[in-house]
Amino acid sequence: VFSIGVGSGVGQSELRSIAGSPSNVFTVSSYTQLSTIVVSISTTVCDVVVTPAPSTFAPTIQLTSAPTVPRCTQTQPVELVFLVDGSGSVGTAGFTSSRNFVNAMVARFSVGASSTRVSVVQFSSSTRTTLTLPQGVSASTVASAVTSMPYMGGGTNTAGAITFVRTSIFNAARPGARKILVVLTDGLSSVSPATAAQQARLSGITIFSIGVGTGIGQAELASISGTPARVFSVGSYTQLTAAVFSISTTVCNVAAVTTPSPTLPPPTPAPTLVACTRRTPVELVFLIDGSGSVGAAGFVASKAFVNQMVGLFNVGSSSTRVAVVQYSG
């Protein structure tokens, strides 16, 4: 079972109780974001349904080309800052996933002194600067600094960390550059981050908040970003890499860049992924919320999401059969 929550009306605990595992839980802030996670979710589903093959074969999703995402095309300078949770709850494996996520995100941008500059700050009870904006002017420099970034451990003071990057990192921003902050965290802050985040936004910083696991709620994430449209949640750190395309596309759009649409009109499949290769038949069932809270526009988005998902499977009587059930009441 895979559970997908939309908005703040359903919590991570209920979604996890449905899926049975945080790795099978996905969350978006609104129905308009559903189309941006089709590739991430379908890839996870495909990984589950593919049956192990003999050792002479490598059972993988078949790609039409290397699974890379297109680089953003700059139209203005961007100051891109990552604020990475290094508290004790993250763990060494989770922190490794966080570093990989940052590197994958940065790979979508053209890093340079006149285009996108990158800064990385780790936080727990305190902050530790890995890379300043004047230092983060080459992709190799950023990748090397992030890969070697040591794990701090400790508590979670998101508020103090946001204040730090506003006053001590973005103070080096270039005039006229777009200022973007990506906050990655898995726990509630020891001090409410709402005021610090508001001060950052008022200073011209656009904030994206990414929550990992069940330790942080949508309310705190929204108080950081200022809008649910810039909130992302994943069930576990292992899901971060799969979410790079969705998150980076949204960041690219806000950064006033031109980037290919993450999806095509249904039922055309996503551009880089073709039907999953499997060795057993699959029965794929979609259970869709049709309650009053969804609304007409939300339900249209839900139908488009189902069509886009189905477009990534080989549907047939001997391969994948599909059922769709709507529920309310």
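The structure reproduced in this document is the subject of the present report.

## Remarks on empty space enclosed by the protein
Per the counting criterion, the structure on display carries two cavities of 30 Å³ or more. If you add up the space inside the largest cavity, you get close to 100 Å³. Around the largest cavity, the lining is made up of twelve residues, and of these Phe26, Ile37, Ser233, Val234 and Ala243 lie nearest the centre. With three residues, strand 8 (residues 231-234) is the largest single contributor of residues to the lining of the largest cavity. Each residue belonging to the lining of the largest cavity can be placed in one class, and the counts come to seven nonpolar, five polar and no charged.

## Observations regarding the sheet that holds strand 1 (residues 3-6)
Ordered by their spatial adjacency, eight strands build an open sheet running 1-2-8-7-6-3-4-5, and the pairing between neighbours is mixed. Strands with a single pairing partner mark the edges of an open sheet, and in this sheet they are strand 1 and strand 5 (127-131). Sheet twist, expressed as the mean angle between neighbouring strand axes with direction ignored, is 15 degrees. As judged from the four bridges shared by strand 4 (residues 116-123) and strand 5, these two strands associate in the antiparallel manner. Across the sheet, residue phenylalanine 123 finds its bridge partner in strand 5, namely threonine 127. Docked against the sheet, helix 3 (residues 91-106) engages strand 3 (78-85), strand 4, strand 6 (178-185) and strand 7 (205-212), running at close to 170 degrees with respect to strand 3.

## Some remarks on helix 9 (residues 295-310)
Over its 16 residues, helix 9 extends 23 Å from the first C-alpha to the last, a length consistent with the 22 Å expected when each residue adds 1.5 Å. Within the span of helix 9, buried status applies to Gly298, Ala301, Ser302, Phe305, Val306, Gln308 and Met309. Seen end-on, helix 9 carries its buried residues on one side only, within an arc spanning 165 degrees. Along helix 9, the residues that are exposed and aim more than 90 degrees away from the buried face are Ala296, Ala297 and Val300.

## Looking at a nonpolar patch on the surface
Where nonpolar side chains cluster on the molecular surface, the patch consists of Val285, Leu287, Val325 and Tyr327 and spans about 390 Å² of accessible area. Every element with two or more residues in the nonpolar patch is listed here: strand 9 (282-289) and strand 10 (320-327). Mapped onto the elements, valine 325 comes out in strand 10. Judged by relative accessible area, valine 325 falls into the partly exposed class, the value being 40%.

## Things to note about the packing of helix 5 (residues 158-169) against helix 6 (residues 194-202)
Two numbers describe a pair of packed helices, the interaxial angle and the distance between the axes. Here helix 5 crosses helix 6 at 20 degrees, and the two axes come no closer than 8 Å. In terms of orientation, helix 5 and helix 6 fall into the roughly parallel class. Handedness of the crossing formed by helix 5 with helix 6: left-handed. For the pair formed by helix 5 and helix 6, the contact residues are Ala159, Ile162, Thr163 and Arg166 on the first element and Ala196, Ala197, Gln199 and Ala200 on the second. Tallied by class, the residues present in the contact of helix 5 with helix 6 amount to five nonpolar, two polar and one charged.

## Side note on the environment of phenylalanine 286
Here phenylalanine 286 lies in strand 9. For phenylalanine 286, a relative accessible area of 10% puts it in the buried group. In this structure, the C-alpha to C-alpha distance between phenylalanine 286 and valine 324, residues 38 residues apart in sequence, is 4.8 Å. Non-local contacts of phenylalanine 286, meaning those with residues more than four positions away in its chain, are made with Val306, Met309, Val310, Val322, Ala323, Val324 and Val325.

## Here we look at the pairing of strand 8
Each regular strand shows side chains that alternate between the opposite faces of the sheet. Here strand 8 shows no split at all, with Val231 and Ser233 on one side and Phe232 and Val234 on the other all buried. Across three bridges, strand 2 (residues 25-28) lies against strand 8 in antiparallel orientation. Among the inter-strand pairings, valine 28 is bridged to a residue of strand 8, identified as phenylalanine 232. Both strand 7 and strand 8 contribute to a ladder of four bridges, which runs parallel.

## Notes on the side chain of serine 97
Assignment of secondary structure puts serine 97 in helix 3. For serine 97, a relative accessible area of 16% translates into the label buried. Excluding anything up to four places from it in sequence, serine 97 contacts Tyr237, Thr238 and Leu240.

## Quick notes on the pattern of salt bridges
By the definition in use, this model includes three salt bridges. Between arginine 321 and glutamate 283 there is a salt bridge, with the nearest N and O atoms lying 2.8 Å from each other. Residue arginine 321 is located in strand 10, and its partner glutamate 283 is located in strand 9; the two are separated by 38 residues in the primary sequence. Judged by its relative accessible area of 47%, arginine 321 falls in the partly exposed class. Residues participating in the shared-partner salt-bridge network are Glu79, Arg117 and Arg174.

Definitions and cut-offs
- Residues numbered from 1 in each chain as written.
- Predicted model: local features only at pLDDT ≥ 70, side-chain atom pairs only at ≥ 80, totals over all residues.
- Heavy atoms only, no water.
- 1 Å grid on protein atoms, 1.4 Å probe; cavity = no way out; pocket = protein on both sides within 12 Å on 5 of 7 lines; lining within 4 Å.
- Points joined across faces, edges and corners; volume = space filled by probe spheres on them.
- Helix = DSSP H or I, 4+ residues; strand = E, 2+ residues; numbered from the N terminus.
- Nonpolar A, V, L, I, M, F, W, Y, C, P; charged D, E, K, R; others polar.
- Pairing = 2+ DSSP bridges.
- Axes fitted to C-alpha atoms, helices over the stretch in contact; angles between N-to-C directions.
- Contact = heavy atoms within 4.5 Å.
- Expected span 1.5 Å × (residues − 1).
- Buried < 20%, exposed > 50% of the residue type's maximum accessible area, 1.4 Å probe, protein only.
- Arc of directions from axis to C-beta.
- Patch = residues over 30% accessible without salt bridge, like charges linked within 9 Å, V, L, I, M, F, W, Y side chains within 5 Å.
- Areas by Shrake-Rupley, 256 points an atom, 1.4 Å probe, with all protein chains shown as cover.
- Salt bridge = Lys/Arg side-chain N within 4 Å of Asp/Glu carboxyl O.
- Parallel < 35°, antiparallel > 145°, perpendicular 65-115°, else oblique.
- Left-handed = near helix turned anticlockwise from the far one by under 90°.

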